[in-house]
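Spelled out from the first residue to the last, the chains are:
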Amino acid sequence: MIMSMRVIESKENRTYKDLIRLKKGDSENGRFLLEGEDLVEEAKRGNSLCALLYPEGTKHIPETNLPTYILKEGLYRELANYRSLPPLMGIGEKKLTPLDKLGKRLIYLDRIQDPGNAGTMMRTALSFSYDGLVLSPDSVSLYNSKCVQSSKGALFSLPIARGELSTLHDLGYHIFLTTLDGEDESKIKELPTPFVLVFGNEGQGVSKKNMAYGEKLRIEMSGIDSLNVAVAAGIFMYRFQRR
């Protein structure tokens, strides 16, 4: 049975105002909106689904013990970020992991600004069995809707933290910095553990303050001198995963 169902008909509704604020994410409580069946299902599978949202006129609403809200179509549309309305939305929850509670093989995003890149790198890190991902304090918000969407649910399964690279250095991680003037990564035959693989800002690369903490590496390329950071990250993660 549905334990709690409420109909929201006005923009002045207090719950609706809270939902609108969740479009930008609530970093304090780790909550954010989910759009579409796939993301809602991933959140449910990861025990991270807090509530369900349906548009007015939905014919079949499955039984659930989660709070469930029915919204007038105009209100539902205002919540959605995409022109094509999803058949349902939800509220997801993701708590950050302390830096000292992560595993031995980590990915670090240094000033990454594009939420699509961040979400894609989360997805790639999970697919190649990395232990966690760390966002620098000045990287895009984990709870940005495009970041959540592009992660395809990976953020519910991958431990994620936010903090300084210097802290990981102090915790004893070997740090690899990806940069165009680094050594060819294929020359590294064995990887020290624990280690962190660092990817820098889309336009400026790894920040100067973080360059002091690690070993510089690059991908050997011909015909072009750089790649999209998410593409480069995928190549590095794959190659490091196979060592």
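Residues numbered from 1 in each chain as written. Predicted model: local features only at pLDDT ≥ 70, side-chain atom pairs only at ≥ 80, totals over all residues. Heavy atoms only, no water.

Some remarks on the overall build of the protein
Next, step 1: Each helix and strand counted, the protein has seven helices and 11 strands in total.
Next, step 2: Across its three principal directions, the C-alpha atoms of the protein cover 60 × 40 × 30 Å.
Next, step 3: When the 243 residues of the protein are sorted by exposure, 47% land in the buried category.
Next, step 4: Counting only contacts in the protein whose residues sit at least 6 apart along the sequence, the fraction spanning at least 24 positions is 76%.
Next, step 5: Carbon and sulfur atoms form 46% of the exposed surface of the protein, whose accessible area is close to 12,600 Å². (Helix = DSSP H or I, 4+ residues; strand = E, 2+ residues; numbered from the N terminus. Buried < 20%, exposed > 50% of the residue type's maximum accessible area, 1.4 Å probe, protein only. Contact = heavy atoms within 4.5 Å. Areas by Shrake-Rupley, 256 points an atom, 1.4 Å probe, with all protein chains shown as cover.)

Structural notes on the nonpolar core
Next, step 1: Judged by nonpolar contacts, the single largest core of 45 residues is most densely connected at L34, I107, M121, F199, M237 and F240.
Next, step 2: No other element matches helix α7 (residues 229-241), which puts seven residues into this core.
Next, step 3: Beyond its immediate stretch of four places on either side in the chain, M121 contacts L109, I112, L133, F199, V229, A230, A233 and M237. (Core = buried A, V, L, I, M, F, W, Y, C linked by side-chain atoms within 4.5 Å.)

Structural notes on helix α2 (residues 37-45)
Next, step 1: Those residues of α2 lying buried are L39, V40 and A43. End-on view of α2: buried residues confined to an arc of 100 degrees, all on one side of the axis. Residues of α2 that are exposed and angled more than 90 degrees away from the buried face: E37, D38, K44 and R45.
Next, step 2: The elements touched by buried residues of α2 are β2 (31-35), β3 (49-55), β5 (89-93) and α5 (145-151).
Next, step 3: Once α2 finishes, N47 follows within two positions and takes phi at roughly 55 degrees, a positive value. (Arc of directions from axis to C-beta.)

Here's the deal with the side chain of E185
Next, step 1: Along the polypeptide, E185 turns up in the loop between β9 (174-184) and β10 (195-199).
Next, step 2: Each residue touching E185, except ones within four places of it in the same chain, is listed here: L217, R218, I219, F236, R239, F240 and R243.

Brief notes about the pairing of β3
Next, step 1: Of all seven residues in β3, seven are buried, a share of seventy percent or more.
Next, step 2: Inspection of the sheet shows β3 paired to β5 by four bridges, in the antiparallel sense. From the neighbouring strand, L53 faces β5, where its bridge partner is M89.
Next, step 3: Where β3 meets strand β4 (residues 67-71), four bridges bridge the pair, whose relative direction is parallel. Opposite L52, over in β4, you have T68 as the bridge partner. (Pairing = 2+ DSSP bridges.)

Description of the pattern of salt bridges
Next, step 1: Here the structure, examined in full by the defined rule, presents 10 salt bridges.
Next, step 2: Close ionic contact of E78 with K11 constitutes a salt bridge, the shortest N to O distance being 3.4 Å. Taken together, the residues span a long stretch of sequence, with E78 in helix α3 (residues 73-79) and K11 in the loop between β1 (4-8) and α1 (14-21) at a distance of 67 residues.
Next, step 3: For E78, a relative accessible area of 34% puts it in the partly exposed group.
Next, step 4: Salt-bridge contacts for R31 lead to E93; the nearest nitrogen and oxygen are separated by 3.1 Å. Of the two residues, R31 is situated in strand β2 and E93 in strand β5; the sequence distance between them amounts to 62 residues.
Next, step 5: Take R31: its relative accessible area is 33%, and that puts it in the partly exposed class. (Salt bridge = Lys/Arg side-chain N within 4 Å of Asp/Glu carboxyl O.)

Quick word on the sheet that holds β4
Next, step 1: Taken together, five strands build an open sheet; the order of strands is β1-β4-β3-β5-β2 and the sheet is mixed. In the strand order of this sheet, the two ends are held by β1 and β2, each with one partner. Within the sheet, the average angular offset between the axes of one strand and its neighbour, ignoring direction, is 25 degrees.
Next, step 2: Sheet topology places β2 next to β5; five bridges connect them, and they run antiparallel. Paired with R31 across the bridge in β5 is E93. (Axes fitted to C-alpha atoms, helices over the stretch in contact; angles between N-to-C directions.)

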